[in-house]
Amino acid sequence: MLDKISREDVLKELFNISVGKSASILSEIINKKILLNVPNVKIIDLKDKETSLEAYLPEVIDGTLMISSISFKEKLTGKANLIFPADKMRKFINLCINESSMDNKNDMNFTDIDFDIIKEVGNIILNSLIGEIGNYLDIKLQYTVPEVKIFHKKDLKNDIKNTEYTNVLMLYITFNIDGSEIFGAIIINLTLNSLNEILSKIDILKENFYV
Amino acid sequence: MKLLIIDDSVFSQRMVASLIKKHLENAEFYFAKDGEEGFLQYKSIKPDYTFVDLLMPTISGGELIKMIREYDSNAKIIVVSADVQKSVKDEISDYGIVAFLNKPFNDERAKYICNMMRDDSNAR
């Protein structure tokens, strides 16, 4: 007899496929092989006062963070955020612009061009991630212009919680680029209706598994 | 050949231009950072081909394509977008564009589009 498939199993596999596509896209941009771990997916209820969002972030994601985001609306309303430690971003930016010098790999003085690169790469990755899931679940999304910002991990909770969103899908990802690991996370803020829409589409998918 | 690249990301503008330059010798590039500037540039330059991103401030790529086609029904527009949604591709393709390419704009896509532009130019 087949084991029962949980909603989390389906969600994890959907993200696994779309993160794989995002990695392939990223690999094209920086012209390096990228290895990715299988993401863990957690559904977090922000209404729960005991919930500490930082506690869900791995310890390696600490200090100053660089966050690239896009918001979406229409059938789903939410915001997808790609989060990486800012001190790892210099090497990544250098790879994007084919700059081989690693002397300033921890330089955190980011220029407008650096922000432009991170914003655009975040846009491409998040579009791939969210768009592929939308395609798979047949949910249309309309995006707003991407943004990028830097802030400290301790301020993350305020930024994420001070919104109309009630739920968070948290994905942990590790990019292994050229031998160095960059730990990151993807936080997708959703309204309760949007989370329910995704879960109901997943239930339809699950039903089809047993036909 | 005059090419107008409209994208709010300078990184993407340069990526598209540098890859096209590799495959098309006589390309002359013009850039705009949003839909509003893109439309003004279009009217003043009258490019042979216009590369348009969809997600941009002021006027979106979709709106811009409609404006350009109203102004010039023969406009040749190539969409270069990060949006991978099938529904978006279908909707935008209905606007009579030449091609819809997903970002990142890579060597393979550049070669394909340059061959197409060269063949089209030779046929005229």
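Residues numbered from 1 in each chain as written. Chains lettered and ligands numbered in written order. Predicted model: local features only at pLDDT ≥ 70, side-chain atom pairs only at ≥ 80, totals over all residues. Heavy atoms only, no water.

Chemist: Which residues make up the interface of chain A and chain B, and what values do they have?
Modeler: Chain A puts 22 residues into the contact, and the matching count from chain B is 21 residues. Each partner contributes to the roughly 1,800 Å² buried at the junction of chain A and chain B, and carbon and sulfur atoms together form 58% of this total. At the surface where chain A touches chain B, the tally comes to 10 residue pairs in polar contact (both at pLDDT 80 or more). Breaking the side of chain A that touches chain B down by element, the ones donating at least two residues are α1 (7–30), α4 (112–137) and β5 (141–143) of chain A. The leading source of residues in the side of chain A that touches chain B is α4 of chain A, at 11 residues. Here the side of chain A that touches chain B is built from residues that sort into 11 nonpolar, six polar and five charged. (Contact = heavy atoms within 4.5 Å. Buried area = accessible area lost by both parts, 1.4 Å probe. Polar contact = N/O pair within 3.5 Å; in protein donor to acceptor, adjacent residues only side chain to side chain. Helix = DSSP H or I, 4+ residues; strand = E, 2+ residues; numbered from the N terminus. Nonpolar A, V, L, I, M, F, W, Y, C, P; charged D, E, K, R; others polar.)

Chemist: Please provide a residue-by-residue account of the pattern of salt bridges, values included.
Modeler: Evaluation of the coordinates by the stated rule reveals 13 salt bridges over all chains. A salt bridge links Lys21 of chain A to Glu132 of chain A; the shortest N-O distance between them is 3.6 Å. Separated by 111 residues along the polypeptide, Lys21 of chain A in helix α1 and Glu132 of chain A in helix α4 bring together distant segments of the chain. Of the residues examined, Lys21 of chain A reaches a relative accessible area of 39% and is grouped as partly exposed. Asp107 of chain B is paired through a salt bridge with Lys22 of chain B; the nearest N and O atoms lie 2.9 Å apart. Taken as a pair, Asp107 of chain B in helix α5 (residues 107–123) and Lys22 of chain B in helix α1 (residues 10–23) lie far apart in primary sequence, 85 residues in all. Here Asp107 of chain B falls in the partly exposed class, since its relative accessible area comes to 31%. Classification of Lys22 of chain B as exposed rests on a relative accessible area of 58%. What you see here is one network of salt bridges that share partners, running through Glu120 of chain A together with Asp7, Asp53 and Lys103 of chain B. (Salt bridge = Lys/Arg side-chain N within 4 Å of Asp/Glu carboxyl O. Buried < 20%, exposed > 50% of the residue type's maximum accessible area, 1.4 Å probe, protein only.)

Chemist: Lay out the side chain of Ser9 of chain B in plain terms, naming residues and giving numbers.
Modeler: Within the secondary structure layout, Ser9 of chain B lies in the loop between β1 (2–6) and α1. The class of Ser9 of chain B is buried, set by a relative accessible area of 2%. Not counting chain neighbours up to four residues away, the residues in contact with Ser9 of chain B comprise Asp116 and Glu120 of chain A.

Chemist: Please give an account of unusual backbone geometry that cites residues and values.
Modeler: Cis geometry is found at the peptide bond from Lys103 of chain B to Pro104 of chain B, where omega equals 0°. In this fold, Pro104 of chain B is placed in the loop between β5 (99–102) and α5. The backbone of Asn31 of chain A shows a phi angle near 55°, a positive value even though the residue is not glycine. With respect to the helices and strands, Asn31 of chain A occurs in the loop between α1 and β1 (34–36). For Asn31 of chain A, a relative accessible area of 66% translates into the label exposed. Despite not being glycine, Glu74 of chain A shows a phi value in the positive range, around 90°. Looking at the secondary structure, you find Glu74 of chain A in strand β3 (residues 64–74). Given a relative accessible area of 43%, Glu74 of chain A falls into the partly exposed group.

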